[in-house]
Amino acid sequence: MDIRKAFEIIRNSILRMAGKDPVSPTPSLESLARRLSTPLVPPAEPADVPKFLEPRMRPAVILRRSGLPVRGNHPARSFFGGLPRLPPELSWPVIDVHEGTASPMFIAQIDLAEAPLPPDTPMPRSGTLFIFYDASNDAPNDDEAVVLYHPCAGNEFPERPPTHSVQFWLDGGWQWLEPSDDPPRGIGFKYPIEFVAFTSYCDYVGAENYNPLDPIETPDARELLLNELEEKLAHERVEPWPGYFHEAVKAAGSQWLFVWGVILHSARGVYHEIDTIYDFKLRNQPPEVLAELARLKEIAASWVQRAREHAISEPCDLQTQKEYDQVWKSLEAAAQALQRKKFYLDIRKYPASATHLVCNLCATESEDALARIPESFRKCLEAEARWDFQKDPRRLTRPRAIHQMLGYGESVQSGPLEHDSDVLLFQMKGDVGLEWFQNIGCVLQLWITPEALAKREFGKVRMGLECD
């Protein structure tokens, strides 16, 4: 019902109760009713975008990675991880660390000719960006990312390995890997990138043209983004939504041990977990706790030795699957028993993390090895590289892996507001599918001023890492 009509009904009812005849509303009541009838947010015009959103939107580009990685010789020109295709005149960056010097981790290469850049962007329309980041620091300074630019195409030169050890921080990933492993520590898997043009909406107060005296609410930028993605990419919807990868591994029963590599790396994870316990945590433990840790470490070592006799992608027979599955359950029960004795040993993550690693290793080995990955695992890994379209009223929608160029960027804290007049060169969201940046509450953003971008001064890029 119209508020002014409701006002009139209430006012006339009160007059009748007082024994008076209804009269026309006074100008002051009419003005109040009119103001109450005016919505705080102007109604949407019959157009694609409401006018009140126009000053709060910018064109942007989403960087979509593949669900499974590819081999290093894959012809992708834009990709996350792997090794950069640096031209001879550019060197892999070197940074100072407390041990001396090291190389930052290579995280992305972007061939700008492949990106659907908006018409008025100051970004170069050709050439390649090479992005490096010191992933060993969870509280970095704003100069701990390096962006190199060259006018070459992304496939013009061969891959370039680092000349120094790589500084990195595995955020929930495969800590037990060594430099001799494939992939070695600090070198991520290679994920080709596709690009999607989309509209970026400001999700903070203080943007250009924003008037705090106007009754305009901050739009739900995530919901607007998901609506646009759903419209453009509805054909990619995964039904039913498979959930997170660790849920698929748990539901697989003993089938999570589909190849010998899963046994190898889950056992290596347990061995590493115990082997790297700090001495001060062991110093005052009773003998029975120390003996139990030694027993669990010995069990893990025996399975590592047994698994090394087989290829990573060699199928694991049903009998061995059942045997190791029972061994794993006994390891988890032993870890829980230690916890009741006030010693915390958490090995619950290793089935999912080891299985994820081995899925990646199979995908980069051969077509035959790729075909051995269970369908439920592949489905989850593909879904985690896309977006959650479901509209569950019990919770907010959860956009995942929104890696981005240009636009406003996502406000985890105050970074986008502080850089409102700068250009968002690159944004990387926490991504459960990437071994070095799995915290989905974090966002890494690289900013550059329009003046520096126009002069191609990428050495002036400033970085922000924010977590909720």
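Anything mentioned here points back to the structure above.
The notes below deal with the structure included here. What you are looking at is a predicted structure, and each value in this text was computed from that prediction instead of being measured.

Analysis parameters
Residues numbered from 1 in each chain as written. Predicted model: local features only at pLDDT ≥ 70, side-chain atom pairs only at ≥ 80, totals over all residues. Heavy atoms only, no water. Helix = DSSP H or I, 4+ residues; strand = E, 2+ residues; numbered from the N terminus. Contact = heavy atoms within 4.5 Å. Polar contact = N/O pair within 3.5 Å; in protein donor to acceptor, adjacent residues only side chain to side chain. Axes fitted to C-alpha atoms, helices over the stretch in contact; angles between N-to-C directions. Parallel < 35°, antiparallel > 145°, perpendicular 65-115°, else oblique. Left-handed = near helix turned anticlockwise from the far one by under 90°. Nonpolar A, V, L, I, M, F, W, Y, C, P; charged D, E, K, R; others polar. Disulfide = S-S within 2.5 Å. Buried < 20%, exposed > 50% of the residue type's maximum accessible area, 1.4 Å probe, protein only. Salt bridge = Lys/Arg side-chain N within 4 Å of Asp/Glu carboxyl O.

**Section: the environment of Val358**
Here Val358 lies in helix α9 (residues 350-365). When residues no more than four places from it in sequence are discounted, the contact partners of Val358 are Phe258, Val259, Gly261, Val262, His265 and Ile312.

**What about the side chain of Ser66?**
In this structure, Ser66 sits in the loop between β1 (57-65) and β2 (79-80). A polar contact of 2.7 Å, which involves the side chain of Ser66, links it to the backbone oxygen of Leu68. Apart from residues lying up to four places away in sequence, Ser66 is in contact with Tyr191, Pro192 and Ala385.

**What to know about the packing of helix α7 (residues 287-307) against helix α8 (residues 318-340)**
For the pair α7 and α8, interaxial distance at closest approach is 11 Å and the crossing angle is 160°. Between α7 and α8, the angle is such that the two are roughly antiparallel. Like other packed secondary-structure pairs, α7 and α8 cross with a definite hand, here left-handed. Every residue of α8 that contacts α7 at Val289, Glu292, Leu293, Arg295, Leu296, Ile299, Trp303 and Arg306 is listed here: Thr320, Glu323, Tyr324, Val327, Leu331, Ala334 and Leu338. The residue makeup of the contact of α7 with α8, split by class, is ten nonpolar, one polar and four charged.

**Some thoughts on the state of the cysteines**
Taken as a whole, this structure holds one disulfide when the rule is applied. Each sulfur of the disulfide joining Cys442 and Cys467 lies 1.8 Å from the other. Taking the sign of the S-S torsion, 110° for the link of Cys442 and Cys467, the bridge is right-handed. Of this pair, Cys442 sits in strand β11 (residues 442-448) while Cys467 sits in strand β12 (residues 462-467); the two residues are 25 residues apart in sequence, bridging distant segments of the chain. Judged by its relative accessible area of 5%, Cys442 is buried.

**Points about the pattern of salt bridges**
Applying the stated criterion across every chain yields a total of 14 salt bridges. A salt bridge links Arg58 to Asp420; its shortest N-O distance comes to 3.5 Å. On the criterion of sequence distance, the pair formed by Arg58 in strand β1 and Asp420 in the loop between α12 (415-418) and β10 (423-429) is long-range, its members being 362 residues apart. An identical accessibility class is assigned to Arg58 and Asp420; each is buried. In this structure, Arg65 engages Asp431 in a salt bridge whose closest nitrogen and oxygen atoms are separated by 2.7 Å. One end of the pair, Arg65, is in strand β1; the other, Asp431, is in the loop between β10 and β11, and 366 residues separate them in sequence.

This is a description of form; function is not addressed.
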